[in-house]
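# A closer look at the structure
The chain contents come next:
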Amino acid sequence: MTNWFNKLTSGLKKTSDKLGGGISDIFTKRRLDASSLDDLEEILLEADLGYQATSEIIKNFSSRKIARDASSEEIKRALKDDIAAILSPCEQKFELSSKPHVILMVGVNGAGKTTTIGKLAHKFKGKKISLIAGDTFRAAAVEQLKIWGERNQVRIYSAAQGADAAGLCFDGLTEAVKQGDDIVFIDTAGRLQNKTNLTDELKKIIRVIKKVIPEAPQHTLLCLDATTGQNAVDQAKTFKEIASVNGLIINKLDGTAKGGVLVAVTEATELPVYYIGLGEGIDDLKEFSAQEFAASLVGL
Ligand SMILES: Nc1nc2c(ncn2[C@@H]2O[C@H](COP(=O)(O)OP(=O)(O)O)[C@@H](O)[C@H]2O)c(=O)[nH]1
Ligand SMILES: [Mg+2]
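Now for a quick tour of the structure. All values reported here derive from a predicted model rather than from experimental measurement.

What follows concerns the sheet that holds strand β6 (residues 247–251). Read from one edge of the open sheet, 8 strands run β3-β2-β4-β1-β5-β6-β7-β8, paired in mixed fashion. The open sheet has two edge strands, β3 (155–157) and β8 (285–287), and neither has a second partner. With strand direction ignored, the average angle separating the axes of adjacent strands in the sheet is 25 degrees. Sheet topology note: the β6/strand β7 (residues 273–277) ladder contains 3 bridges and is parallel. Looking at β7, one finds that isoleucine 249 is bridged to tyrosine 275. Of the strands in this sheet, β1 (101–106), β2 (129–134), β3 and β4 (183–188) are in contact with helix α8 (residues 165–179), which crosses β2 at around 170 degrees.

For the pair α8 and helix α9 (residues 195–212), the least separation of the axes is 9 Å and the interaxial angle reads 25 degrees. In terms of their interaxial angle, α8 and α9 are classed as roughly parallel. The interaxial crossing formed by α8 with α9 has right-handed handedness. On the side of α8, the interface is formed by Ala165, Ala166, Cys169, Phe170, Leu173, Thr174 and Val177, while α9 contributes Glu201, Lys204, Ile205, Val208, Ile209, Lys211 and Val212. Grouping the constituent residues of the contact of α8 with α9 by class yields 10 nonpolar, 1 polar and 3 charged.

Next up on the list: the pairing of strand β5 (residues 219–225). Across the 7 residues of β5, 7 count as buried, placing the element largely inside the fold. Burial along β5 is two-sided: the face carrying His219, Leu221, Cys223 and Asp225 and the face carrying Thr220, Leu222 and Leu224 are both buried. Where β1 lies against β5, 4 bridges are found, and the strand directions are parallel. Note that in β5 the partner of isoleucine 103 across the bridge is histidine 219. Sheet analysis places β5 next to β6, joined by 5 bridges and oriented parallel. Pairing of leucine 221 across the sheet is with glycine 247, part of β6. One crossover worth recording links β5 to the parallel β6 by way of helix α10 (residues 230–243), and it is right-handed.

Take the site of ligand 1 next. Taken together, 19 residues surround ligand 1, and among them Gly112, Lys113, Thr114, Thr115 and Gly277 come closest. At 3 residues, helix α6 (residues 113–123) tops the list of elements feeding residues into the shell around ligand 1. Across the shell around ligand 1, the residue classes break down as 3 nonpolar, 11 polar and 5 charged.

So, about the nonpolar core. Counting 91 residues, the largest nonpolar core has Leu131, Phe185, Leu224, Ile250 and Val265 as its most contacted members. Excluding anything up to four places from it in sequence, leucine 131 contacts Ile117, Ala121, Leu145, Gly149, Val154, Ile156, Tyr157, Phe185 and Asp187.

Next up on the list: α10. For α10, with 14 residues, the first-to-last C-alpha span of 20 Å sits near the 20 Å given by 1.5 Å per residue. Within the span of α10, buried status applies to Ala232, Val233, Gln235, Ala236, Phe239 and Ala243. Along α10, the residues classed as buried sweep out an arc of 165 degrees about the axis, all on the same side. Tucked into the core, α10 has its buried residues touching β1, α9, β5 and α11 (261–269). Where α10 terminates, the next one or two residues include serine 244, which has phi positive at roughly 45 degrees.

Definitions and limits used
- Residues numbered from 1 in each chain as written.
- Chains lettered and ligands numbered in written order.
- Predicted model: local features only at pLDDT ≥ 70, side-chain atom pairs only at ≥ 80, totals over all residues.
- Pairing = 2+ DSSP bridges.
- Helix = DSSP H or I, 4+ residues; strand = E, 2+ residues; numbered from the N terminus.
- Axes fitted to C-alpha atoms, helices over the stretch in contact; angles between N-to-C directions.
- Contact = placed C-beta atoms within 7 Å.
- Parallel < 35°, antiparallel > 145°, perpendicular 65-115°, else oblique.
- Left-handed = near helix turned anticlockwise from the far one by under 90°.
- Nonpolar A, V, L, I, M, F, W, Y, C, P; charged D, E, K, R; others polar.
- Buried ≥ 20, exposed ≤ 12 C-beta atoms within 10 Å, placed from the backbone.
- Right-handed = clockwise from strand over helix to strand, strands pointing away.
- Near = placed C-beta within 6 Å.
- Core = buried A, V, L, I, M, F, W, Y, C linked by C-beta atoms within 7 Å.
- Expected span 1.5 Å × (residues − 1).
- Arc of directions from axis to C-beta.

Shown next, in the form of structure tokens:
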């Protein structure tokens, strides 16, 4: 727990240096007034929190009873509370509801889909798990998932490069039902540069999944790369629209200066953040905590 908090805090250090450092710069010498609030607003925008969250926070600050001579530490605490309040509806426990529980992983190339499947399979160690290598576009993607399958000692269902992803999902899921799997993870390709193709492919995959199990996928999780900043917000909106995403995983929060984008993404989508990625290793996936995240973000 403390370990994780340290990891989160050091991961977000570049963001909190910007945010917390900026606050110290403003409020060490100046009072809380319209002009220092303007500067605070600028800092929040620069830290990628997005326009909506930023204006909400600034409005809160104006109406709040914070002493005009509050220390930068007090300002940070108030800011942390505001950010935690914005994020708290997004903190939801990830729960399995069916057998098999089908988890469809979506997101652009490089967002961490395959890696996250590997990490999640590890988290659910003890359950009967299979992985479907639905990114049939790149041979490397199948290989990468196979390595995660071996590491976790779980079954992987794959086809040759270029095979029809929806057909593979149908076969893999049918097999999972037959085998009595508890959880099935479906990896997908993420070519957002061709939105029509991607949309068609994802829709087809979802249709096919429903043919085998009408209430699946129980979770469609969108992986986002925090280092892409405001791009992640656009991706989130797009994928929510085309793939009925019902949960987020924000990766690469280790070492980014754009950690604030998590706030912008949740404001834009109103989706829960189930996990955050803090590294490439099998253990580097953490359940999202609004309080911890807000504290790390402002450097408290
Ligand atoms: N630093 C860091 N790297 C990550 C994280 N998640 C994934 N990666 C790396 O990002 C790269 C792309 O990940 P991958 O799972 O292949 O993305 P995909 O294309 O969406 O399947 C790989 O090199 C991963 O090891 C994370 O949380 N932190
Ligand atoms: Mg992949």
